[in-house]
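In case you want the letters, here they are:
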Amino acid sequence: MSKDNKRNETQVVMGLLIDTNGIPISYRLFKGNKHELHTMEEVIDDILNNYTIKEIIIVADRGLNSRANLEMIRGKGLSYIVGSKGSAVPKDLKEKKFNSSWNITSNAEAKYKSGYITSKRKVSQNDETYDELIIKKYSDVYKEREMFKQEKMIERAKKNIKDFTINSTTKSKSKYYKAVENPKEKINIEIDEEIIKQEQENFGYFYIVTNKVDMNPADIMVAYKSLYKIEESFRILKTNLKTRPVYHFKERRIRSHFLICYLALVMQRILEYKLAVNKVELSTYEIINGLEGFIIDEIDYKVDKLYIMSDKLLNSKINKDIFKIEKNVLLSNEIPNIIKKM
């Protein structure tokens, strides 16, 4: 189902793999009715068949964490670092609350506290037993963000509850509703304060599971945190590179469209990486918009050519950080020297 409520549009699922620097290394397209849980193996097989990488560690969020996927990854001799729901971890670990005995990762003077604890467990697959390391992480910042999201959802639920009843055969429109009466025709509802309280008890905690049991937990958390780069890559594809909407209907044209967008993403990410190596921090928006608008006018002047740029471009961030052109008017023989400096 389209998240944009475009119910009559054909959907396309894209599986994307990036490295730790955010640079794409492979992608696959799937039909819209392909569940994302079932896309991982084909994308991984592409890497195994086409690349000779010494060690591969699959990092994924909870959306791709299923028992079948983890068994598939282990079966291929690979490692994984994945997010996990609290319901999938041992009860004794889930019940442990953040305190000073944890491995504290925040400064003593910090307003927002954070820390973690670890636990190991045994998992079985094909009559073989494997060790898994579970990291339970706590963050005040994460808790504050979840409290804010919950507050907005409760506000919406309270707004919609006015004069709202539902048939006994239908489901509630909010997880914060509960039935207070049960006549044959209607169910009257109110906000379930107990559900809200239970939810808040788990705010601020999240879980990471890995079969890299000897890896430093701090390094595991850094690797998991890098997942934002995959979300950012999809956001760049959808917005800056305008991958959607797709104005094509034939399969070969749809695939060509995504290939062009994928190559543009690769070039963009490599450019970001090279700039970062040289201590130049520019956002995707600043790079793309800066390059699109960086136009120098060429003027014939007697036997030579002059290149003129506006004051706006001369003082732009893209010029100051990348091109470093120092004057508005350039001679043709000055251009090669500028290119060499880049």
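Let me begin by describing the structure that accompanies this report.

What counts as what
- Residues numbered from 1 in each chain as written.
- Predicted model: local features only at pLDDT ≥ 70, side-chain atom pairs only at ≥ 80, totals over all residues.
- Heavy atoms only, no water.
- Patch = residues over 30% accessible without salt bridge, like charges linked within 9 Å, V, L, I, M, F, W, Y side chains within 5 Å.
- Areas by Shrake-Rupley, 256 points an atom, 1.4 Å probe, with all protein chains shown as cover.
- Salt bridge = Lys/Arg side-chain N within 4 Å of Asp/Glu carboxyl O.
- Lys, Arg positive; Asp, Glu negative; His and termini not counted.
- Charge placed at Lys NZ, Arg CZ, Asp CG, Glu CD.
- Helix = DSSP H or I, 4+ residues; strand = E, 2+ residues; numbered from the N terminus.
- Buried < 20%, exposed > 50% of the residue type's maximum accessible area, 1.4 Å probe, protein only.
- Pairing = 2+ DSSP bridges.
- Contact = heavy atoms within 4.5 Å.
- Axes fitted to C-alpha atoms, helices over the stretch in contact; angles between N-to-C directions.
- Phe/Tyr/Trp six-rings, centres within 6.5 Å; stacked < 30°, edge-to-face > 60°.
- Lys NZ or Arg CZ within 6 Å of the ring centre and 35° of its normal.

Moving on to a positive patch on the surface. On the surface, R62, K85, R145 and K149 cluster together into a patch of positive charge. Secondary-structure assignment places K85 in the loop between β4 (79-84) and α3 (91-94). Under the relative-accessibility criterion, K85 is labelled exposed at 52%.

Strand order in the open sheet formed by 6 strands is β3-β4-β11-β7-β6-β5, and the pairing between neighbours is mixed. Each edge of the open sheet carries a strand with a single partner, namely β3 (57-60) and β5 (103-104). Where β5 lies against strand β6 (residues 114-125), 2 bridges are found, and the strand directions are antiparallel. Opposite N103, over in β6, you have Y116 as the bridge partner. Seen against the sheet, helix α2 (residues 67-75) touches β3, β4, β6 and β7 (128-139) and runs at an angle of roughly 75 degrees to β6.

So, about the pattern of salt bridges. In a structure, side chains of opposite charge can pair up when their charged atoms sit close to one another. Tallied over the full model, the rule gives 18 salt bridges. The shortest N-O distance in the salt bridge between E55 and K212 comes to 2.7 Å. Residue E55 is located in the loop between α1 (40-50) and β3, and its partner K212 is located in the loop between β11 (205-210) and α6 (217-225); the two are separated by 157 residues in the primary sequence. We classify E55 as partly exposed; its relative accessible area is 46%.

For the rest of this paragraph, the subject is the environment of V280. On the secondary structure map, V280 appears in the loop between α8 (251-277) and α9 (284-293). Residue classification places V280 among the buried positions, given a relative accessible area of 13%. With 41 residues separating them in the primary sequence, V280 and D321 have C-alpha atoms 6.4 Å apart. Beyond its immediate sequence surroundings of up to four residues, V280 is in contact with L275 and D321.

A few words on the side chain of E146. With respect to the element layout, E146 can be found in helix α4 (residues 140-161). Despite being buried, E146 has no salt bridge partner; R62 is the closest side chain of opposite charge, sitting 6.3 Å away. Once residues within four sequence positions are removed from consideration, E146 is found in contact with N202, F203 and G204.

Next up on the list: the packing of aromatic side chains. The relation between two aromatic rings is expressed through the spacing of the ring centres and the mutual angle of the planes. Tallied over the entire structure, the rule returns 7 aromatic pairs. Where F98 meets W102, the ring centres are 5.4 Å apart and the plane angle is 85 degrees; that geometry is what we call edge-to-face. When its relative accessible area of 7% is taken as the criterion, W102 is described as buried. Here the aromatic rings of Y138 and Y205 are separated by 5.0 Å at their centres, their planes lie at 50 degrees, and the arrangement is tilted. Remark: Y205 occurs in strand β11 and Y138 occurs in strand β7; sequence separation between them is 67 residues. Across the pair, Y205 and Y138 agree in class, each one buried. The cationic tip of R74 hangs over the ring face of Y130; the distance from NZ or CZ to the ring centre is 5.2 Å. Directly above the ring of Y205 sits K136, whose terminal nitrogen or CZ lies 4.5 Å from the centroid.

Glancing now at the sheet that holds strand β14 (residues 329-331). Whether parallel or antiparallel, the strands of a sheet pair through hydrogen bonds between backbone atoms. What the 3 strands build is an open sheet, ordered β12-β13-β14; its pairing is antiparallel. Sheet topology places β12 (297-301) and β14 at the edges, where each strand pairs with a single neighbour. Averaged over all adjacent pairs, the angle separating strand axes in this sheet is 30 degrees, with direction ignored. Sheet topology places strand β13 (residues 304-308) next to β14; 3 bridges connect them, and they run antiparallel.

Before going further, it helps to examine unusual backbone geometry. In this structure, the amide linkage connecting R244 to the following residue, P245, adopts the cis form with an omega of 0 degrees. Relative to the helices and strands, P245 is located in the loop between α7 (228-238) and α8. Phi at K242 takes a positive value of approximately 55 degrees, unusual for a residue other than glycine. Tracing the sequence through the fold places K242 in the loop between α7 and α8. K242 gets classed as exposed once you look at its relative accessible area, which sits at 63%.

When you tally the buried positions in strand β1 (residues 12-18), you get 6 out of 7 residues, the bulk of the element. Pairing geometry for β1 and strand β2 (residues 24-31), over 7 bridges, is antiparallel. Within the sheet, the bridge partner assigned to L17 lies in β2 and is S26. Taken together, β1 and the strand that follows it, β2, pair antiparallel across an intervening segment of 5 residues, in which G22 is found at a positive phi of about 85 degrees.

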